[in-house]
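# Chain and residue survey
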Amino acid sequence: MKNKKTTSELDYVYASTRVKAADGRGTARDRMISFAEAANSEALLNAVIESGILPDGSASTPSDAADTALNSAADLLKTSVPDPSVYDFLFFKYDCNNIKVALKESILGTHEESRYFTCGTVSPSAVRDAVFSRDYSALPENMGKRAKEAQDAYETTKEARSIDLLIDRGCFEDIKQSVSDSGVPFFKEYVSALVDSANYLTFLRISSSGMSPEACSSLISRAVITGGDTDASVFEEAGSAETHEERVSALIMKTDRVDYREALNLGDPDAVASAFERITAGTVERASAKAFGPEVPAIFFIKREAEIRALRIAASMIQSGKTPDEIKARIGLK
């Protein structure tokens, strides 16, 4: 067990000041509304440039703008705080993506650089080297262990799904260890909300996939993760019901939190996803009043990620001919 990191709020005055200065023009909500209301991709790109979230105010496409804004926010956080490793929990998801991509490329014999994120705790090249050499020492501890398991499992079963399930599990194991080591209560509360959101949405996706009850229950038990307010056993028990409707009803009955039950009752998958995003955002907002402290850089990055997700969603929905109202609903602005 690693020793908990010690964090003094006064050590974060500089970092807090820097990230607050990089917030962009207007509020995050104003900026996301401007993304949703863009008439086309060119107008969306202009809205992003005008938002002030790009370091040099330029990009060639909305996708390029999203990547640039993400990397800029990550670099700002990591170069501002006293100990960047305190914030590893925010970046493990990008390692997770990269490890899964590298594992699948090792199977298929392909490579596409654009599928990798560059803001993880390990470089994409180091991830690829680890996977292809089977020396996982450069990877985060639990994802490294799960990567070996995933390679072994795939070679035995040829089930590609096992790669995603195992690496996702390792990712959350590393995240939970990181927030525990940090000693910052908000980090643990935020991750708990993320775990709950992931579990409920995973349950709904698997439950509605048309599998037999036995296969559905088995996959749910493999996919859910521990560490949220709702115990993993709740999903496993509800997943054994005969039909999707019965499984959702059972989950609602077994769920203690009112806001989670209300989200599930929305029915539509996009609406449920948006509701859980709002619940997680509420956890962040309740911690946002502090002027400085270790929470402030994390909250800056979490909120910037939400803007970038909104940008990517808006770009995709604009291409599909969706209306501003439809886009606003999808990104939680209505």
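Look a little higher up for the structure.
None of these values were measured; they are calculated from a predicted model.

With that settled, consider the overall build of the protein. Within the protein one finds 16 helices and zero strands. Here the C-alpha atoms of the protein give a radius of gyration of 20 Å, agreeing with the 20 Å that 2.2 N^0.38 yields for 334 residues. When the backbone C-alpha atoms are referred to their principal axes, the protein occupies close to 50 × 45 × 40 Å. Residue burial in the protein is summarised as follows: out of 334 residues, 46% are buried. Looking at the protein alone, contacts between residues at least 24 apart form 65% of all its contacts between residues at least 6 apart.

Ranked by size, the top nonpolar core spans 78 residues in total, and within it Phe 35, Leu 44, Tyr 87, Leu 90, Phe 186, Phe 187 and Phe 301 carry the most contacts. Looking at this core element by element, the count peaks at 14 residues for helix H15 (residues 295-319). With residues up to four places along the chain from it excluded, the contact list for Phe 301 reads Leu 70, Ala 73, Ala 74, Leu 77, Leu 90, Phe 91 and Tyr 94. Core analysis: the next-biggest nonpolar cluster, separate from the first, contains 24 residues, Tyr 200, Leu 251, Tyr 260 and Leu 264 among them.

Further remarks concern helix H14 (residues 269-285). For an α-helix, the turn length of 3.6 residues means that residues three or four places apart are oriented alike. Compared with an ideal rise of 1.5 Å per residue, which puts 17 residues at 24 Å, H14 spans 24 Å between its outermost C-alpha atoms and is within 8% of the ideal. Buried residues along H14 sit in contact with helix H9 (185-207), helix H13 (258-264), H15 and helix H16 (324-330).

Space inside the second largest pocket adds up to approximately 300 Å³. Along the wall of the second largest pocket there are 17 residues; nearest its centre are Lys 20, Asp 23, Ile 299, Phe 300 and Lys 303. Secondary-structure elements contributing two or more residues to the lining of the second largest pocket are helix H1 (13-21), helix H2 (28-36) and H15. If you tally residues by element for the lining of the second largest pocket, the top one is H15, at six residues. Looking at the lining of the second largest pocket, its residues break down into six nonpolar, three polar and eight charged.

One pass over the full model with this rule turns up 24 salt bridges. With a shortest N-O distance of 4.0 Å, Lys 100 and Asp 164 are connected by a salt bridge. Here Asp 164 lies in helix H8 (residues 161-182) and Lys 100 lies in helix H5 (residues 88-108), a separation of 64 residues in the sequence. Residue Lys 100 is classed as buried on the basis of its relative accessible area, which comes to 17%. By relative accessible area, which is 25% here, Asp 164 ends up partly exposed. Across the pair Arg 146 and Glu 173 runs a salt bridge, and its minimum N-O distance is 2.5 Å. With Arg 146 in helix H7 (residues 141-157) and Glu 173 in helix H8, the pair connects residues that are 27 residues apart, well separated along the chain. Arg 146 gets classed as buried once you look at its relative accessible area, which sits at 17%. Residue classification places Glu 173 among the partly exposed residues on the basis of a relative accessible area of 22%. Within the structure, one salt-bridge network assembled from shared partners comprises Asp 23, Arg 31, Arg 304 and Glu 307.

Bringing the side chain of Arg 128 into the picture now. Position of Arg 128 relative to the elements: it lies in helix H6 (residues 124-133). In this structure Arg 128 touches Ala 102, Glu 105, His 111, Glu 113 and Tyr 116, once residues within four positions along its chain are discounted.

Our next topic: the environment of Arg 247. Summarising the element assignment, Arg 247 is placed in helix H12 (residues 244-254). By relative accessible area, Arg 247 is classed as buried at 3%. Each C-alpha atom, one on Arg 247 and one on Ala 28, is 37 Å from the other, the two residues being 219 residues apart in sequence. At 3.3 Å, the side chain of Arg 247 forms a polar contact with the backbone oxygen of Glu 242.

Let us now look at the environment of Ala 315. Positionally, Ala 315 belongs in helix H15. A C-alpha to C-alpha distance of 28 Å links Ala 315 and Val 191, two positions 124 residues apart in sequence. Other than its neighbours up to four places away in sequence, Ala 315 contacts Leu 44 and Pro 62.

Moving on, we come to the environment of Lys 176. Within the secondary structure layout, Lys 176 lies in helix H8. Taking the C-alpha atoms as reference points, Lys 176 and Lys 188, twelve residues apart in sequence, are found 7.5 Å from one another. Beyond its immediate chain neighbours, meaning those up to four positions away, Lys 176 contacts Val 191, Thr 226 and Gly 227.

The rules we used
Residues numbered from 1 in each chain as written. Predicted model: local features only at pLDDT ≥ 70, side-chain atom pairs only at ≥ 80, totals over all residues. Heavy atoms only, no water. Helix = DSSP H or I, 4+ residues; strand = E, 2+ residues; numbered from the N terminus. Rg over C-alpha atoms; globule rule 2.2 N^0.38 Å. Buried < 20%, exposed > 50% of the residue type's maximum accessible area, 1.4 Å probe, protein only. Contact = heavy atoms within 4.5 Å. Core = buried A, V, L, I, M, F, W, Y, C linked by side-chain atoms within 4.5 Å. Expected span 1.5 Å × (residues − 1). 1 Å grid on protein atoms, 1.4 Å probe; cavity = no way out; pocket = protein on both sides within 12 Å on 5 of 7 lines; lining within 4 Å. Points joined across faces, edges and corners; volume = space filled by probe spheres on them. Nonpolar A, V, L, I, M, F, W, Y, C, P; charged D, E, K, R; others polar. Salt bridge = Lys/Arg side-chain N within 4 Å of Asp/Glu carboxyl O. Polar contact = N/O pair within 3.5 Å; in protein donor to acceptor, adjacent residues only side chain to side chain.

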